[in-house]
Protein chains: 4
Amino acid sequence: MTVQDPTSYALTLSCPDRPGIVHAVSGALLEAGGNIVESQQYGSPAAAKQQGRAEQPSGRFFMRVEVATSSPLEPLRGQLAPVAAEFGMEWTLHPVGAPVRTLIMASKEAHCLNELLFQQRSGTLPITVPAIVSNHPELAEMAAFYGVPFHHVPVASKAEAEQELRRIIEDENIELVVLARYMQILSDELCRDLTGRAINIHHSFLPSFKGARPYAQAHARGVKLIGATAHYVTGDLDEGPIIEQEVIRVDHAHPSERLAQMGRAVEARTLSQAVRWHAEHRVLLDGNRTVVFS
Amino acid sequence: MTVQDPTSYALTLSCPDRPGIVHAVSGALLEAGGNIVESQQYGSPAAAKQQGRAEQPSGRFFMRVEVATSSPLEPLRGQLAPVAAEFGMEWTLHPVGAPVRTLIMASKEAHCLNELLFQQRSGTLPITVPAIVSNHPELAEMAAFYGVPFHHVPVASKAEAEQELRRIIEDENIELVVLARYMQILSDELCRDLTGRAINIHHSFLPSFKGARPYAQAHARGVKLIGATAHYVTGDLDEGPIIEQEVIRVDHAHPSERLAQMGRAVEARTLSQAVRWHAEHRVLLDGNRTVVFS
Amino acid sequence: MTVQDPTSYALTLSCPDRPGIVHAVSGALLEAGGNIVESQQYGSPAAAKQQGRAEQPSGRFFMRVEVATSSPLEPLRGQLAPVAAEFGMEWTLHPVGAPVRTLIMASKEAHCLNELLFQQRSGTLPITVPAIVSNHPELAEMAAFYGVPFHHVPVASKAEAEQELRRIIEDENIELVVLARYMQILSDELCRDLTGRAINIHHSFLPSFKGARPYAQAHARGVKLIGATAHYVTGDLDEGPIIEQEVIRVDHAHPSERLAQMGRAVEARTLSQAVRWHAEHRVLLDGNRTVVFS
Amino acid sequence: MTVQDPTSYALTLSCPDRPGIVHAVSGALLEAGGNIVESQQYGSPAAAKQQGRAEQPSGRFFMRVEVATSSPLEPLRGQLAPVAAEFGMEWTLHPVGAPVRTLIMASKEAHCLNELLFQQRSGTLPITVPAIVSNHPELAEMAAFYGVPFHHVPVASKAEAEQELRRIIEDENIELVVLARYMQILSDELCRDLTGRAINIHHSFLPSFKGARPYAQAHARGVKLIGATAHYVTGDLDEGPIIEQEVIRVDHAHPSERLAQMGRAVEARTLSQAVRWHAEHRVLLDGNRTVVFS
C-alpha cells in the first residue's frame with residue numbers, strides 16, 4: 001500500500017441524542033478527506049418513567065461509520081476528538097479488518113474452539129488468538145494444530161487461577177476474552193473488570209433454561225425449538241447483554257443427549273457470529289441491551 | 001363414492017411398550033382389508049428413576065396409522081377393539097379429513113381468529129366452526145362474514161360466563177376449544193374438564209416470558225428472536241404440553257409495540273399449525289410432553 | 001397535533017458516489033430544524049468492466065433518512081432541492097406513515113388479497129386500497145367485507161381490459177399496483193409504464209421454477225425447501241428486481257397439491273413484507289437489484 | 001456386551017405397494033425376538049400417466065424400522081429373506097451406529113472437510129474415514145491432524161486419476177464417497193458405478209444457479225437468500241437426487257465474495273447433515289427423488 005491508498009476505518013460512537021450529530025461527524029470526516037462507505041444510526045427512545053429500571057435505554061444516539069481516507073489513524077483521531085468532546089461521545093476508531101487480540105477459554109468440549117480457530121485461519125473472523133486457556137488438558141492438541149499457545153490453568157483455587165489468567169491477559173495485550181464453553185464461573189470482580197470485553201455462549205435460548213443442564217430442562221419441558229445465546233459477561237450469570245441468538249427445530253423423539261449434540265452446532269455458530277460482530281466493531285451497549293449494526 | 005371405494009382412517013394409539021404391538025395392529029388392519037398408507041411409531045424411553053417426576057415419559061409406545069379400507073367405521077372399530085384391549089391401549093379412530101367441531105374463543109384482537117377462519121374456508125384446516133365466543137363485541141362482524149354464529153359472553157361473573165360456555169360446548173357437540181388470544185383465564189375446573197381438547201396460543205417462546213406483557217419483557221431483555229407457543233390448556237397457566245413453537249428475528253431498533261405487531265403473524269401461524277395437527281389426529285400426549293407425528 | 005409538533009419524514013436518495021453527500025444532506029436537514037432519527041447508507045461498488053452488463057450496479061450511493069422536524073413538507077422539499085441538484089440525486093420525500101394509494105389485482109385465489117386487506121385494516125401496512133381489480137367475480141364478497149370497491153374486469157380483450165385498468169389507476173390516483181396472484185400477464189407496454197410502481201408475487205424461489213406450475217416442478221425435482229419471491233414487475237416475466245424471498249421446509253411425503261397449499265402462506269407473507277417495505281419507502285433500485293433498508 | 005444384550009438394527013426396504021407388507025415384516029421381526037423401537041413408512045403415489053417420465057415415483061412402498069433384538073446379524077438376515085423375496089423388496093440391514101467406511105474428496109477449500117472430520121471425531125457422525133483424496137496438496141496437514149491417510153492424486157489425466165481413485169475405493173472397502181468441494185468433474189462411467197454411494201455438495205439452492213460461480217450468479221440476480229444443496233452424484237451434473245438443502249438470508253450490501261464466505265458455513269452443515277442421514281440409513285431412492293426418514 002502506498003501513501004496515497006485510502007484505508008477504511010470503523011468509527012463507532014454513542015452520546016445523548018440531539019440535532020446536529022450526523023452533520024458534525026460527517027463534516028469532520030469530510031475535512032479528513034474521507035468518503036463514507038457505510039453508515040448506520042439508531043436513536044434509542046428515552047425510557048418511560050414508570051419503568052424506571054437503571055439499565056433501560058435512555059435517549060442515546062448510536063452510530064457506526066465506515067470511512068475511506070488516506071489519513072493515518074492518529075491524525076484522524078485528532079480531527080474527530082473535538083467533535084467527540086462537544087457531544088460528549090463515547091467513541092472508538094479502528095482500521096477495518098485489523099485483527100482483535102483474542103484469548104479463548106474452553107474446558108473439554110471442542111466444538112466452539114474448533115469453529116473459532118477454523119474461521120480465524122480461513123480469514124473470515126478478524127481476530128488473532130495469542131492464547132488459549134483451559135482448566136483441562138484435552139484441547140492442547142487442537143491448539144497445537146492451529147499453532148496457538150495453550151495454557152493449562154487448573155482451578156484448584158479460583159483466586160490463583162484468575163491471577164494467572166489476568167497475567168496472560170496483560171502479557172498478551174488481550175482485547176477480547178471468549179468463553180467457548182468454559183465450564184467455570186468467573187468471579188464477580190473479574191467479570192466487572194472485563195465488562196464489554198468478554199463474550200460467553202450459553203447453551204439455551206435465554207432467558208429460558210438458565211443455569212445448569214439446559215438441554216435436560218428443554219427436554220423435560222418438551223419444547224419444539226432449542227437454541228443458544230451469545231452474550232457479554234456480567235457479574236449476573238446468564239443475564240448479560242445479548243449479542244446473538246439462534247434456534248433449531250427438534251421433536252419428541254430426540255432424547256436430551258441428542259438435543260445436546262444438535263445444540264453444539266448452534267452454539268458454535270452463534271458464538272462465532274457474535275465474535276465476528278464484536279471484532280468488526282458492530283456491537284454497542286445500550287444499558288443491558290445491545291445495538292448490533294449488522 | 002360407491003360402496004366399494006376405500007375410505008382412509010387415522011388410527012392413533014398408545015400403550016405400555018412391549019414386543020408385538022405393530023404386528024398385532026397391522027394384522028387386525030389386514031383382516032379388515034386395509035392397506036397401510038402412512039405410519040409412524042415412537043417408543044418413549046422409561047424415565048430414569050432419579051428424575052422421578054410424575055409427568056415424565058415412561059416406557060409408552062405411540063403409533064399413528066393411516067389405513068385405506070372399504071370397511072365402514074364401526075365394523076373396523078369392532079375389529080380393532082380386541083387388540084386394543086389385549087395391549088391396554090388408549091386409542092382413537094377417525095375418517096381422515098372428517099372436520100373436527102371447533103369452538104373458537106377470542107377477545108378483541110382479530111389476527112388469530114382471521115387466520116383460523118380463512119384457513120378453514122380455504123379447505124386447508126379440517127375443522128368446522130359452529131360457534132365463536134368472545135367477551136367483547138368487536139369481532140362479531142368478522143364472524144358474520146364467515147357465517148359463524150357469534151356469542152358475546154361478557155365476563156362480569158366468571159362462573160356465569162363459564163356456565164354459558166359449557167352450554168354452548170354441549171349444545172354444539174364441540175370437540176375442540178381454541179383460545180385464539182382470549183384474554184381471560186379459565187377456571188381450574190374448566191381447564192381440567194377440557195384436558196386434551198383445548199389449545200391456547202401464548203405470545204412468547206415459552207418458558208421465556210410467561211405471564212403478562214411478554215413482548216415488553218422481551219424488549220427489556222433485549223432478545224434477538226421472539227416467538228409464540230401453542231399448547232394444550234391445563235390448570236397450570238402457560239405450563240401445558242407444547243404442540244408447536246415458532247420464532248422470528250428482531251433487532252434493537254424494534255420497540256415493544258413493533259415486536260407485538262411482528263409477533264401477531266407468528267402467533268397466528270403457530271396456532272393454526274397446532275390446530276391442523278390436532279385436527280388431523282397427529283398429536284398424542286406423553287405426560288406433559290406431546291408426540292407430534294407431523 | 002399543534003403547529004410545533006414535529007413530523008417525521010422519510011427521505012430516500014441515490015446519486016453517483018463521491019465525498020460530501022452525507023455532510024451536505026445532514027446540513028440541509030439541520031438547517032430545516034430536523035433531527036435524524038434513523039439513517040442507512042450503502043455505496044454500490046462500480047461494476048467490474050469484464051462483466052459489462054447494463055443492469056449491473058455502478059458506483060451509486062443510496063441513502064434513506066428518517067428525520068423529525070416541525071417544517072411542513074413543501075418548504076422542506078425546497079430546502080433539499082439545491083443539494084439534490086448539486087449531487088444529481090434521484091430522491092423522494094414522504095411523511096412517515098402516510099398511506100400509499102394501492103390498487104390490488106387478483107383472480108380467484110384469496111390468500112394474498114386476504115393478507116393485504118387484513119394487515120391494512122389492522123394498521124400494520126401503511127396503504128389505502130381504493131380499488132380491487134379482478135378478472136373473475138369470486139373475490140367480490142371479500143372486497144365488500146373490507147369495504148373496498150371491486151372492479152370485475154374480464155380479459156376477453158387484453159387491450160380493452162388494460163385500458164379499463166389504466167382508467168382506474170388514473171381516476172384513483174394509484175401510486176402502487178400489487179399483483180396478488182393475478183393470473184394474467186400484463187402487456188410489455190403497461191409493465192414499462194408501471195416500472196418501480198408494480199409488485200408481483202411469484203410462487204417459487206426464483207430463479208428456480210420460472211413460468212407455469214412451479215409447485216409441480218418443485219415436486220418433480222424433489223427439492224427440500226419451497227419458496228416465494230416478491231419482485232417489481234418488468235417486461236421480462238419473472239425477471240424483475242427481487243424485493244423479498246422466503247422458503248419453508250417440505251419433504252418427500254408432500255404431493256404437489258400440498259406444496260401449493262403450504263406455499264400459499266409463504267406467498268402471502270412474502271408479498272405483504274415487500275409491500276410494507278415499499279410503502280415505508282425502504283426499497284431503492286440499483287439496476288436490476290434492489291437496495292432494501294429494512 | 002453379553003450375549004443376552006439386544007442390538008439395534010436399521011432395516012430399510014422398498015417394494016411395489018400392496019396390502020400386508022407391514023404385517024409380514026413385523027411378523028418376521030417378532031419371530032426373531034425383536035422389539036420395534038422406531039418405524040416410518042411412506043407409499044409413493046403411482047405417477048399420473050400424462051407425466052410419463054421414467055424417473056417419476058411409481059407406486060412403491062418405503063419403510064425404515066429400528067428393531068432391538070438379541071439375534072446376531074446373519075440369522076436375522078436369514079429370517080427376513082423369505083419376506084423380502086415374497087414382496088420383491090430391495091432391502092438393507094445394518095447394526096445401528098456401525099460406522100460407514102467413507103472416502104472424502106476435496107481440493108483446496110477446507111470448510112467441508114473440516115466439518116466432516118470434526119463431526120466424525122466428536123462421535124456425531126457414524127462414519128470412519130480411511131482415506132482422503134485430493135487433487136491438491138494443501139489439505140494434507142488437516143488430514144494428518146485427524147490421523148487420516150491423505151492421497152494426493154493430481155488430475156493430469158482424468159483416466160489415470162480415476163483409476164487410482166478406484167484402486168483406493170477397492171483397497172479400503174469404501175462404502176460411501178463424499179465430494180466435499182472437490183473441484184473436478186467425475187467421468188460419467190465413474191458416476192454410474194457410484195450410483196447411490198456418492199454425495200456431492202453444490203454451492204447453490206438447486207435448481208437455481210447450476211454450473212460455475214453460483215455466488216456470482218446469485219449476486220447478479222439480487223436474490224435475498226442463498227443456499228446449498230447436497231445430492232447424490234449422477235452422470236447428469238447438478239441433477240442428481242436431492243438429499244438436503246438449506247438457505248441463509250443475505251442483503252444488497254454483500255458482494256459476491258461475502259456471499260461465498262457466508263455460504264461456506266451453509267455448505268458444510270448441509271453436506272454434514274446429508275452424510276449423517278445416509279450413514280444412518282435414512283435415505284431411500286424413489287426415482288430421481290429421495291425419501292428421507294429423518
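Residues numbered from 1 in each chain as written. Chains lettered and ligands numbered in written order. Predicted model: local features only at pLDDT ≥ 70, side-chain atom pairs only at ≥ 80, totals over all residues. Heavy atoms only, no water.

Student: Can you lay out the pairing of strand β2 (residues 35-43) of chain A for me, pointing to particular residues and giving the numbers?
Tutor: Relative to strand β3 (residues 60-69) of chain A, β2 of chain A runs antiparallel, the two sharing eight bridges. Counterpart to serine 39 of chain A in the pairing with β3 of chain A is valine 65 of chain A. Sheet analysis places β2 of chain A next to strand β2 (residues 35-43) of chain C, joined by five bridges and oriented antiparallel. Among the inter-strand pairings, tyrosine 42 of chain A is bridged to a residue of β2 of chain C, identified as glutamate 38 of chain C. (Pairing = 2+ DSSP bridges. Helix = DSSP H or I, 4+ residues; strand = E, 2+ residues; numbered from the N terminus.)

Student: Summarise unusual backbone geometry; cite the residues concerned and give the values.
Tutor: Each neighbour pair has its own omega, and for leucine 206 of chain A with proline 207 of chain A the value is 10°, a cis peptide bond. Residue placement: proline 207 of chain A occurs in the loop between β9 (198-202) and α7 (214-221). Despite not being glycine, histidine 281 of chain B has its phi angle at roughly 60°, a positive value. Structurally, the position occupied by histidine 281 of chain B is in the loop between α8 (256-279) and β12 (283-286). Of note in the backbone geometry, phenylalanine 209 of chain D takes a positive phi value of approximately 55° without being a glycine. Tracing the sequence through the fold places phenylalanine 209 of chain D in the loop between β9 (198-202) and α7 (214-221). By relative accessible area, which is 11% here, phenylalanine 209 of chain D ends up buried. (Buried < 20%, exposed > 50% of the residue type's maximum accessible area, 1.4 Å probe, protein only.)

Student: Describe the sheet that holds strand β5 (residues 100-106) of chain C, and please don't skip the residues or the numbers.
Tutor: In any sheet, the strands associate via hydrogen bonds between backbone groups, in a parallel or an antiparallel arrangement. Residue and element names in this part refer to chain C. Strand order across the open sheet formed by seven strands is β7-β6-β5-β8-β9-β10-β11, with mixed pairing between neighbours. Looking at which strands have only one partner, the edges of the open sheet turn out to be β7 (150-152) and β11 (242-249). Strand-to-strand twist across the sheet, computed as the mean angle between neighbouring axes with direction ignored, equals 20°. As paired elements, strand β8 (residues 176-179) and strand β9 (residues 198-202) share three bridges and run parallel to each other. For leucine 179, the partnering residue across the bridge sits in β9 and is asparagine 200. (Axes fitted to C-alpha atoms, helices over the stretch in contact; angles between N-to-C directions.)

Student: Can you break down the packing of aromatic side chains residue by residue, with the values?
Tutor: Tallied over the entire structure, the rule returns twelve aromatic pairs over all chains. Centre to centre, the rings of phenylalanine 205 of chain A and phenylalanine 205 of chain B are 5.1 Å apart; their planes meet at 75°, and the pair counts as edge-to-face. In this pair, phenylalanine 205 of chain A is assigned in the loop between β9 and α7 and phenylalanine 205 of chain B in the loop between β9 (198-202) and α7 (214-221), connecting two distinct chains. The exposure classification of phenylalanine 205 of chain A matches that of phenylalanine 205 of chain B, with both residues buried. (Phe/Tyr/Trp six-rings, centres within 6.5 Å; stacked < 30°, edge-to-face > 60°.)

Student: How would you explain the packing of α7 of chain B against α8 of chain B if you had to name every residue and give the values?
Tutor: Residues and elements named next belong to chain B. Two elements in contact, α7 and α8, have axes whose closest approach is 9 Å; the angle formed by their N-to-C orientations is 120°. Relative to α8, α7 is oriented oblique. By crossing handedness, the relation of α7 to α8 is classed as right-handed. Contacts between α7 and α8 involve Tyr215, Ala216, Ala218 and His219 on the former and, on the latter, Ser256, Leu259, Ala260, Gly263, Arg264 and Glu267. Classifying every residue of the contact of α7 with α8 gives five nonpolar, three polar and two charged. (Parallel < 35°, antiparallel > 145°, perpendicular 65-115°, else oblique. Left-handed = near helix turned anticlockwise from the far one by under 90°. Contact = heavy atoms within 4.5 Å. Nonpolar A, V, L, I, M, F, W, Y, C, P; charged D, E, K, R; others polar.)

Student: I'd like a rundown of the pattern of salt bridges, residues and numbers included.
Tutor: Residue and element names in this part refer to chain A. A complete count under the given rule lists 76 salt bridges over all chains for this structure. We note a salt bridge from arginine 282 to glutamate 66, for which the minimum N-O separation is 3.6 Å. A residue pair is termed long-range when its members are at least 10 positions apart, and arginine 282 in the loop between α8 (256-279) and β12 (283-286) and glutamate 66 in strand β3 qualify at 216 residues. We note that arginine 282, like glutamate 66, is buried. A single network of salt bridges, built from pairs that share partners, joins Glu38, Arg64, Glu66, Glu280 and Arg282. (Salt bridge = Lys/Arg side-chain N within 4 Å of Asp/Glu carboxyl O.)

Student: Please provide a residue-by-residue account of the interface of chain B and chain A, values included.
Tutor: Each partner contributes to the interface: chain B provides 33 residues, whereas chain A provides 33 residues. Three residues stand out in chain B for area buried against chain A, namely Arg221, His252 and Arg289 of chain B, and they jointly supply 25% of the buried area on that side. At the surface where chain B touches chain A, the tally comes to four salt bridges. As a salt-bridge pair, glutamate 244 of chain A and arginine 249 of chain B come within 3.0 Å of each other at their nearest N and O atoms. Our enumeration of links across chain B and chain A arrives at 21 residue pairs in polar contact (both at pLDDT 80 or more). (Buried area = accessible area lost by both parts, 1.4 Å probe. Polar contact = N/O pair within 3.5 Å; in protein donor to acceptor, adjacent residues only side chain to side chain.)

Student: Mind laying out the relation of the copies chain B and chain D, listing which residues take part and the relevant values?
Tutor: Superposition record for chain B on chain D: RMSD 0.0 Å, screw rotation 180°, translation along axis 0.1 Å. What we have between these two chains is a two-fold relation. By residue overlap, the copies meet face to face through one surface: 100% of the interface positions of chain B are interface positions in chain D. (Least-squares fit on C-alpha atoms with pLDDT ≥ 70 in both.)

Student: Tell me about the relation of the copies chain B and chain A, and please be specific about residues and values.
Tutor: Of the transformation placing chain B onto chain A, the axial shift is 0.0 Å and the rotation is 180°, giving an RMSD of 0.0 Å. Most of the interface of chain B is mirrored in chain A, where 100% of its interface residues again form contacts.

Student: Please give an account of the sheet that holds strand β2 (residues 35-43) of chain D that cites residues and values.
Tutor: Taken in spatial order, the eight strands line up as β4(B)-β1(B)-β3(B)-β2(B)-β2(D)-β3(D)-β1(D)-β4(D) in an open sheet, and their pairing is antiparallel. The open sheet is flanked by β4 (90-95) of chain B together with β4 (90-95) of chain D, the only strands paired with a single partner. Across the sheet, the mean angle separating the axes of adjacent strands is 15° when strand polarity is ignored. Of the pairings in the sheet, the one linking strand β1 (residues 7-16) of chain D to strand β3 (residues 60-69) of chain D comprises ten bridges and is antiparallel in character. Pairing of serine 14 of chain D across the sheet is with phenylalanine 62 of chain D, part of β3 of chain D. Here helix α2 (residues 73-87) of chain B sits on the sheet in contact with β1 (7-16), β3 (60-69) and β4 of chain B, set at roughly 165° to β4 of chain B. Most of the contacts of helix α1 (residues 21-31) of chain D go to β3 of chain D, to which it runs at about 20°, and overall it touches β2 (35-43) of chain B together with β1, β2 and β3 of chain D.

Student: Residue-level account of the side chain of threonine 124 of chain C, with values.
Tutor: Note on placement: threonine 124 of chain C falls in the loop between α3 (111-122) and β6 (127-134). Given the relative accessible area of 7%, threonine 124 of chain C is considered buried. Looking at threonine 124 of chain C, its side chain comes within polar contact range of the side chain of glutamine 119 of chain C, at 2.4 Å. Excluding residues within four positions of it along the chain, threonine 124 of chain C makes contact with Gln261 and Arg264 of chain B together with Gln119 and Arg276 of chain C.

Student: Help me get a handle on the domain arrangement of chain A, residues and values and all.
Tutor: Buried accessible area, meaning the area lost when the parts come together, often serves as the stated size of an interface. All names here are of chain A. Domain annotation for chain A reports domain 1 (7-95) and domain 2 (100-292). With 15 residues of domain 1 at the contact, the number on the domain 2 side is ten residues. Where domain 1 meets domain 2, there are two salt bridges. Between glutamate 38 and arginine 282 there is a salt bridge; the shortest N-O distance is 3.2 Å. The interface formed by domain 1 and domain 2 contains five residue pairs in polar contact (both at pLDDT 80 or more). The element contributing the most residues to the side of domain 1 that touches domain 2 is β3, with four residues. Along the lines of polarity and charge, the residues of the side of domain 1 that touches domain 2 split into five nonpolar, six polar and four charged. (Domains from an automatic or database assignment.)

Student: Got a sec to walk through the environment of alanine 228 of chain B? Specific residues and values, please.
Tutor: All names here are of chain B. With respect to the helices and strands, alanine 228 occurs in strand β10 (residues 225-232). Taking relative accessible area as the criterion, alanine 228 reaches 0% and is therefore assigned buried. Separated by 40 residues in sequence, alanine 228 and alanine 268 have C-alpha atoms that sit 8.9 Å apart. Excluding anything up to four places from it in sequence, alanine 228 contacts Ile201, His202, Ser204, Phe205, Glu244, Gln245, Glu246, Val266, Glu267 and Thr270.

Student: So what's going on with the interface of chain B and chain D? Which residues, and what values?
Tutor: Tallying the contact residues gives 20 residues for chain B and 20 residues for chain D. When the two sides are added together, the surface that chain B and chain D hide from each other amounts to roughly 1,500 Å², 57% of it contributed by carbon and sulfur. At the junction of chain B with chain D, the criterion picks out eight residue pairs in polar contact (both at pLDDT 80 or more). In the side of chain B that touches chain D, the residues fall into seven nonpolar, ten polar and three charged.

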